[in-house]
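# Observations on the three-dimensional arrangement
Listed here are the chains, written in short residue letters.
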Amino acid sequence: MKFLLGIFFVILTIIAFVIAKWLYKRVYTPLLLPLTVATVLIIVFLLVFKIDFDTYMLGGDWISELLGPAVVALAYPLYQQRDRLKELLLPLVVGSFIGANVGILSGLLLTKWFGFSDVLIYSIAPKSVTTPVAVEITEDLGGIISLAAVFVMVAGVGGVIMSKYVFRIFGLDTPIGKGVGMGSASHGIGTAKALEGGELEGSLSSIAMILSAVFVSFLMPFMLALFM
């Protein structure tokens, strides 16, 4: 029975994403990002039929297992663009370092400004890095892991939705500007969006995502010591 339910929810997720992708192509706007629309469709379905999250995850866990191979697949465009990436190494590293600092500071300063508790601050601060790294950092700091995962998702989706307008305001129209910005601010979700702009932009975003995770891991203790 569990096996059949797992298959059902995998198919349900695929159908939701296909519908969301179709809608995104018909009405091309960041507000209709397929990941966001598919998530809403699944949530509505679960609420209407009163299906709990653990039951859905009988299939959701199978999809989660594919995240590893999906991330590894990002290495292919990196290999294809390796010569160009070498030329852009310095701005890529500098941009990612600045992005990591901005990601941490925005979380720390905003949460302190609103008077949030230390536990919430520890959960929000690593929001701009990929989920596995954010979870590890949050756990070490004593934050709430489940909240950290939610904030990572919010940062990813929010960054993609706002990226078009941010790029326009600051006049960012180059692959390195867009790629590093998306990778350092919106991690994997941003990288998926950056790939729509071409292989080079997606490759730059992939590396920025990796570098940001490394920088945030090292910078977080120092930032907390300064601002907490």
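Scroll up to find the structure.
All of the points below concern the structure found in this document. Quick caveat: nothing in here was measured; it's all calculated off a predicted structure.

## Here we look at the overall build of the protein chain
In terms of helices and strands, the protein chain carries twelve helices and zero strands. Along the protein chain, helices (α) and strands (β) appear in the sequence α-α-α-α-α-α-α-α-α-α-α-α when read from the amino end. Since a compact globule built from 228 residues should have a radius of gyration of about 17 Å, the 18 Å found for the protein chain is in line with a globular shape. The principal-axis extents of the C-alpha atoms in the protein chain amount to approximately 50 × 45 × 30 Å. By residue count, 39% of the 228 residues in the protein chain fall in the buried class. A fraction of 67% describes how many contacts in the protein chain between residues 6 or more apart in sequence connect residues 24 or more apart. Between the centroid of the 14 positive side chains of the protein chain and the centroid of its 14 negative side chains there is a distance of 11 Å.

## Digging into the side chain of serine 123
Position of serine 123 among the secondary structure elements: in helix H8 (residues 118-124). We classify serine 123 as buried; its relative accessible area is 1%. Polar side-chain contacts of serine 123 include one of 2.8 Å to the backbone nitrogen of isoleucine 144.

## Overview of the side chain of glutamate 201
With respect to the element layout, glutamate 201 can be found in helix H12 (residues 199-227). For the buried glutamate 201, no salt bridge is present, and the opposite-charge side chain at shortest range is lysine 178, 5.0 Å distant. Once residues within four sequence positions are removed from consideration, glutamate 201 is found in contact with Pro175, Lys178, Gly179 and Ala194.

## With respect to the packing of aromatic side chains
Counted according to the given criterion, the structure contains eight aromatic pairs. Note on phenylalanine 8 and phenylalanine 45: the rings are 6.3 Å apart at their centroids and 45 degrees apart in plane angle, and the pair reads as tilted. Remark: phenylalanine 45 occurs in helix H2 (residues 34-48) and phenylalanine 8 occurs in helix H1 (residues 2-26); sequence separation between them is 37 residues. Under the relative-accessibility criterion, phenylalanine 8 is labelled partly exposed at 39%. Pairing phenylalanine 9 with tyrosine 56 gives two aromatic rings, centres 5.6 Å apart and planes at 75 degrees, and the pair type is edge-to-face. You can see phenylalanine 9 sitting in helix H1 and its partner tyrosine 56 sitting in helix H3 (residues 53-65), a full 47 residues away along the chain.

## What to know about a nonpolar patch on the surface
Nonpolar side chains collect at one region of the surface, where Phe3, Leu4, Ile7, Ile11, Ile15, Ile19, Leu41 and Trp62 lie side by side and expose about 750 Å² of accessible area between them. It is H1 that provides the largest number of residues to the nonpolar patch, a total of six residues. Inspection of the secondary structure assignment puts phenylalanine 3 in helix H1.

## Regarding the packing of helix H7 (residues 89-113) against helix H11 (residues 175-194)
Between H7 and H11, the least distance of the axes is 9 Å, while the angle of their chain directions is 40 degrees. As far as their axial angle goes, H11 and H7 are oblique. Seen along the crossing, H7 lies across H11 with a hand that is right-handed. Taken together, the residues of H11 that come into contact with H7 (itself represented by Pro91, Leu92, Gly95, Ser96 and Gly99) are Ile176, Val180 and Ser184. Classifying every residue of the contact of H7 with H11 gives four nonpolar, four polar and no charged.

## Here's the deal with the pattern of salt bridges
Pairing between side chains of opposite charge can happen when the charged atoms of each approach one another. Tallied over the entire structure, the rule returns two salt bridges. Among the salt bridges present, the one from arginine 84 reaches glutamate 87, with a minimum N-O distance of 3.0 Å. Of this pair, arginine 84 and glutamate 87 both sit in helix H6 (residues 82-87), three residues apart, which is roughly one turn of that helix. Taking the shortest distance from any N to any O, the salt bridge between glutamate 196 and lysine 193 comes out at 3.2 Å. By relative accessible area, glutamate 196 is classed as partly exposed at 41%. Exposure remark for lysine 193: the relative accessible area of 15% places this residue in the buried category.

Cut-off values and rules
- Residues numbered from 1 in each chain as written.
- Predicted model: local features only at pLDDT ≥ 70, side-chain atom pairs only at ≥ 80, totals over all residues.
- Heavy atoms only, no water.
- Helix = DSSP H or I, 4+ residues; strand = E, 2+ residues; numbered from the N terminus.
- Rg over C-alpha atoms; globule rule 2.2 N^0.38 Å.
- Buried < 20%, exposed > 50% of the residue type's maximum accessible area, 1.4 Å probe, protein only.
- Contact = heavy atoms within 4.5 Å.
- Lys, Arg positive; Asp, Glu negative; His and termini not counted.
- Charge placed at Lys NZ, Arg CZ, Asp CG, Glu CD.
- Polar contact = N/O pair within 3.5 Å; in protein donor to acceptor, adjacent residues only side chain to side chain.
- Salt bridge = Lys/Arg side-chain N within 4 Å of Asp/Glu carboxyl O.
- Phe/Tyr/Trp six-rings, centres within 6.5 Å; stacked < 30°, edge-to-face > 60°.
- Patch = residues over 30% accessible without salt bridge, like charges linked within 9 Å, V, L, I, M, F, W, Y side chains within 5 Å.
- Areas by Shrake-Rupley, 256 points an atom, 1.4 Å probe, with all protein chains shown as cover.
- Axes fitted to C-alpha atoms, helices over the stretch in contact; angles between N-to-C directions.
- Parallel < 35°, antiparallel > 145°, perpendicular 65-115°, else oblique.
- Left-handed = near helix turned anticlockwise from the far one by under 90°.
- Nonpolar A, V, L, I, M, F, W, Y, C, P; charged D, E, K, R; others polar.

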